[in-house]
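The chain contents come next:
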Amino acid sequence: MNKEEILQVLPERIKRLVIRAAPDWESLQEIHIRSGKELVLTWQGRKLSPNQNGQVVSRKEFREILEYISNYSLYAFEDEIRKGYLTIPGGHRIGVAGKAVMEEGQVRTLRNLSFLNIRISHEVKGCADRLIPYLFEGDTFLSTLIVSPPGAGKTTLLRDIVRNVATGGRTFSGKNVSVVDERSEIAGCYLGVPQKDMGAYCDVLDACPKSEGIRMMIRSMAPEVIAVDEIGTRQDYEAMTYALTSGCSLLATVHGSSLQHIREKPLMQKMLEEEMFGRIVFLEKKEKPGQIRTVYNGKGQVMSG
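Predicted model, so just to flag it, every value in this text is computed and none were measured.

K.L.:
How should I be thinking about helix α5 (residues 154–165) in this particular structure?
P.N.:
Since the α-helix turns once every 3.6 residues, residues separated by three or four places project in the same direction. Given a rise of 1.5 Å per residue, twelve residues ought to cover 16 Å, and the 16 Å separating the end C-alpha atoms of α5 matches this to within 8%. Most of α5 sits out of view: twelve of its twelve residues are buried. Lys-154, Thr-155, Thr-156, Leu-157, Leu-158, Arg-159, Asp-160, Ile-161, Val-162, Arg-163, Asn-164 and Val-165 are the residues of α5 that are buried.

K.L.:
Honestly, the packing of aromatic side chains in this entry has me stumped. Any pointers?
P.N.:
The geometry of an aromatic ring pair comes down to the distance between the two centres and the angle between the two planes. If you walk through the whole model with that rule in mind, you get three aromatic pairs. Ring geometry for Phe-136 against Phe-172: centres 4.1 Å apart, planes inclined by 20 degrees, an arrangement best described as stacked. Of this pair, Phe-136 sits in strand β7 (residues 136–137) while Phe-172 sits in the loop between α5 and β10 (177–181), placing them 36 residues apart in sequence. On the numbers, 5.5 Å between centres and 80 degrees between planes, the contact of Phe-282 with Tyr-296 is edge-to-face. Taken together, the residues span a long stretch of sequence, with Phe-282 in strand β14 (residues 279–284) and Tyr-296 in strand β15 (residues 291–297) at a distance of 14 residues. Under the relative-accessibility criterion, Phe-282 is labelled buried at 1%.

K.L.:
What am I meant to see in the pattern of salt bridges here?
P.N.:
Charged atoms that come close allow side chains of opposite charge to pair. Enumeration according to the criterion identifies 18 salt bridges in this entry. Of the charged contacts, one joins Arg-119 and Glu-185 as a salt bridge, the two residues approaching to 3.6 Å between their closest N and O atoms. Remark: Glu-185 occurs in the loop between β10 and β11 (202–206) and Arg-119 occurs in strand β6 (residues 106–119); sequence separation between them is 66 residues. Residue classification places Arg-119 among the partly exposed residues on the basis of a relative accessible area of 36%. Taking the relative accessible area as the measure of exposure, Glu-185 reaches 18% and is therefore buried. For Arg-183, the salt bridge goes to Glu-230, with nearest N and O atoms at 3.2 Å. With Arg-183 in the loop between β10 and β11 and Glu-230 in the loop between β12 (225–228) and α7 (234–245), this pair connects stretches of sequence that are 47 residues apart. Exposure remark for Glu-230: the relative accessible area of 25% places this residue in the partly exposed category. Through salt bridges that share partners, Arg-93, Arg-119, Lys-154, Arg-183, Glu-185, Asp-229 and Glu-230 make up one connected network.

K.L.:
What's the story with unusual backbone geometry in this structure? I'm lost.
P.N.:
Among all residues except glycine, the phi angle is most often negative; among peptide bonds, the trans geometry is most common. You will see that Leu-191, though not glycine, has its phi angle at about 55 degrees, which is positive. With respect to the helices, strands and loops of the structure, Leu-191 is situated in the loop between β10 and β11.

Conventions and cut-offs
Residues numbered from 1 in each chain as written. Predicted model: local features only at pLDDT ≥ 70, side-chain atom pairs only at ≥ 80, totals over all residues. Heavy atoms only, no water. Helix = DSSP H or I, 4+ residues; strand = E, 2+ residues; numbered from the N terminus. Expected span 1.5 Å × (residues − 1). Buried < 20%, exposed > 50% of the residue type's maximum accessible area, 1.4 Å probe, protein only. Phe/Tyr/Trp six-rings, centres within 6.5 Å; stacked < 30°, edge-to-face > 60°. Salt bridge = Lys/Arg side-chain N within 4 Å of Asp/Glu carboxyl O.

Set out below in structure tokens:
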């Protein structure tokens, strides 16, 4: 991660505070900026307020950040703001909050923005290396579900699996992978261009709902593998079923801590009963993201861990 991608959006005083706090940049997760409140950094689940003498973020400093991340035109980024975030070069996502403006029961945009959360995107190449041999039978990628508690690196691991599968290795050829990146977290697209290394044969549909995006990519991009993050709705299930019947393999993530936990969710139980996934990978929350705890086959039998 290039820390300059983050520092360049910050006013000078805040930039100095962040540099002086000197956390491990590879473990830095969030920079919370609230107008009229103290700056807060989060890394490895711990919070630190590096302010001096209780000084708070001024409205002027907050406005400077907004102007930079929107190229001095918040109106041009209204679609992204309506969804609650903006993406900056490097693929880092900045959550925004303020006053919601409603229209016919839907959020039209946000006004009076006063809260920002810079969520730092980490690319950990190689974190999937140990897992990859379990995900293939010969040259065929087996549909895979990654299960983890929040903050354990499921998106980081998914991204590295995509990079491997879409590039190829010693024992398998590269596959056409279509990523439906509903929240712009997997590829970290900025102005339509992935900021992360997604491999040689990867196509990305950014900021599109998974259920619609899966069908769009199957119709247009001839994928062999479809990758999505955080499944769980009936629409997701129906779209993934369509993908499987179209001859695609799946790569997906879901929040959870154990097989029993995800089986408590009716749709997940249905997916497991139908053996929709040939591999189910559980992560554990440690200092480094994407740490694998257990690998199961589609019948729930332990393969590793």
